[in-house]
Amino acid sequence: MQGRRYLLVAALVIGALAAVELATQGGSGDRAGRAAPALPAEVLTPPRTTIASLRGKPAVINFWASWCGPCDKEAPELARLSRELRGRAKLIGVDWNDALSGARAFIRKNRWSFPNLRDPDGTVGNRYGLSGLPNSFVLNGDGRIVQVLRGPQTVASFERALRAAG
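Let me begin by describing the structure that accompanies this report. (Residues numbered from 1 in each chain as written. Predicted model: local features only at pLDDT ≥ 70, side-chain atom pairs only at ≥ 80, totals over all residues. Heavy atoms only, no water.)

## Some details on the sheet that holds strand β5 (residues 135–139)
Phase 1 of the analysis: With mixed pairing, 6 strands are arranged side by side in an open sheet as β1-β4-β3-β2-β5-β6. Strands at the two margins of the open sheet, each flanked by one partner only, are β1 (42–45) and β6 (145–150). The average undirected angle you get between the axes of adjacent strands in this sheet is 25 degrees.
Phase 2 of the analysis: In the sheet, strand β2 (residues 59–64) pairs with β5 via 5 bridges, with the strands oriented antiparallel. Across the sheet, the residue bridging to Phe 63 is Asn 135, located in β5.
Phase 3 of the analysis: Each of β1, β2, β3 (90–96) and β4 (116–119) is contacted by helix α4 (residues 100–110), which is oriented at about 35 degrees to β1, the strand it contacts most. (Pairing = 2+ DSSP bridges. Helix = DSSP H or I, 4+ residues; strand = E, 2+ residues; numbered from the N terminus. Axes fitted to C-alpha atoms, helices over the stretch in contact; angles between N-to-C directions. Contact = heavy atoms within 4.5 Å.)

Quick look at the structure:
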């Protein structure tokens, strides 16, 4: 009886460790190779962007919110990335589950000029399978998710992911 209990506890610990590894590895998990879901229609910073309009070049779709401390930390890196891409890839921001006034102020404060869309009720982010903020989905030129970057990133980590995406 006691041996079975130890086996059960060991199996639960191994399962929990595997789940933690999948959640923290920063990889693509079950999203890899999947076609990216549709983007929200509400535009904060033009132009209106769709998955179809992203095809042909790699892209980063970055989910953020004005109330998110780690997003605030990542914001200058996104501003720098948008300046350095020079047409090699596309960067799209998606404000997730946020107040409109907060979102607009965040974009202004960070001097973002790249397209930003709004997901006010979190529906689109849920379709992407967000696991916290910020979350960035790296797409290949066919509009398929090839990598998920969890947590604040640097220009260098975005560049590595975009090179790997093609």
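## Things to note about helix α6 (residues 155–165)
Phase 1 of the analysis: Every buried residue of α6 is accounted for by Val 155, Ser 157, Phe 158, Glu 159, Ala 161, Leu 162 and Ala 165.
Phase 2 of the analysis: Looking at the buried positions of α6, the neighbouring elements they touch are β2, α3 (69–85), β5 and β6.
Phase 3 of the analysis: At the exit of α6 stands Gly 166, carrying a positive phi of roughly 105 degrees. (Buried < 20%, exposed > 50% of the residue type's maximum accessible area, 1.4 Å probe, protein only.)

## As for the state of the cysteines
Phase 1 of the analysis: The full count for this structure, using the stated rule, is 1 disulfide.
Phase 2 of the analysis: At a sulfur-sulfur separation of 2.4 Å, the disulfide partner of Cys 68 is Cys 71. An S-S torsion of about 80 degrees defines the bridge between Cys 68 and Cys 71 as right-handed. In terms of burial, Cys 68 and Cys 71 fall into one category: buried. (Disulfide = S-S within 2.5 Å.)

## As for unusual backbone geometry
Phase 1 of the analysis: Pro 47 follows Pro 46 through a cis peptide bond whose omega is 5 degrees.
Phase 2 of the analysis: That bond from Leu 133 to Pro 134 is cis: its omega, -15 degrees, falls within 30 degrees of zero.
Phase 3 of the analysis: Located in the positive-phi region is Arg 86, a residue other than glycine, with phi close to 45 degrees.
Phase 4 of the analysis: Of note, Arg 86 is situated in the loop between α3 and β3.
Phase 5 of the analysis: The residue Arg 111 is not glycine, and still its phi comes out positive at about 55 degrees.
Phase 6 of the analysis: Tracing the backbone shows Arg 111 in the loop between α4 and β4.

## A word on the packing of α3 against α6
Phase 1 of the analysis: Running from N to C, α3 and α6 cross one another at 50 degrees; their axes reach a closest spacing of 9 Å. Compared by their axis directions, α3 and α6 come out oblique. Between α3 and α6 the crossing geometry is right-handed. The segment α3 lies against α6, with Glu 74, Glu 77, Leu 78, Arg 80, Leu 81, Glu 84 and Leu 85 engaging Val 155, Phe 158, Glu 159 and Leu 162.
Phase 2 of the analysis: Of the residues that constitute the contact of α3 with α6, the class distribution is 6 nonpolar, no polar and 5 charged. (Parallel < 35°, antiparallel > 145°, perpendicular 65-115°, else oblique. Left-handed = near helix turned anticlockwise from the far one by under 90°. Nonpolar A, V, L, I, M, F, W, Y, C, P; charged D, E, K, R; others polar.)

## A closer look at the side chain of Asp 119
Phase 1 of the analysis: Within the fold, Asp 119 resides in strand β4.
Phase 2 of the analysis: Buried and unpaired, Asp 119 has no salt bridge, with Arg 127 as the nearest side chain of opposite charge at 7.1 Å.
Phase 3 of the analysis: If sequence neighbours within four positions are ignored, Asp 119 has contacts with Pro 40, Phe 63, Val 94, Asp 95, Trp 96, Asn 97, Val 124 and Gly 125. (Lys, Arg positive; Asp, Glu negative; His and termini not counted. Salt bridge = Lys/Arg side-chain N within 4 Å of Asp/Glu carboxyl O.)

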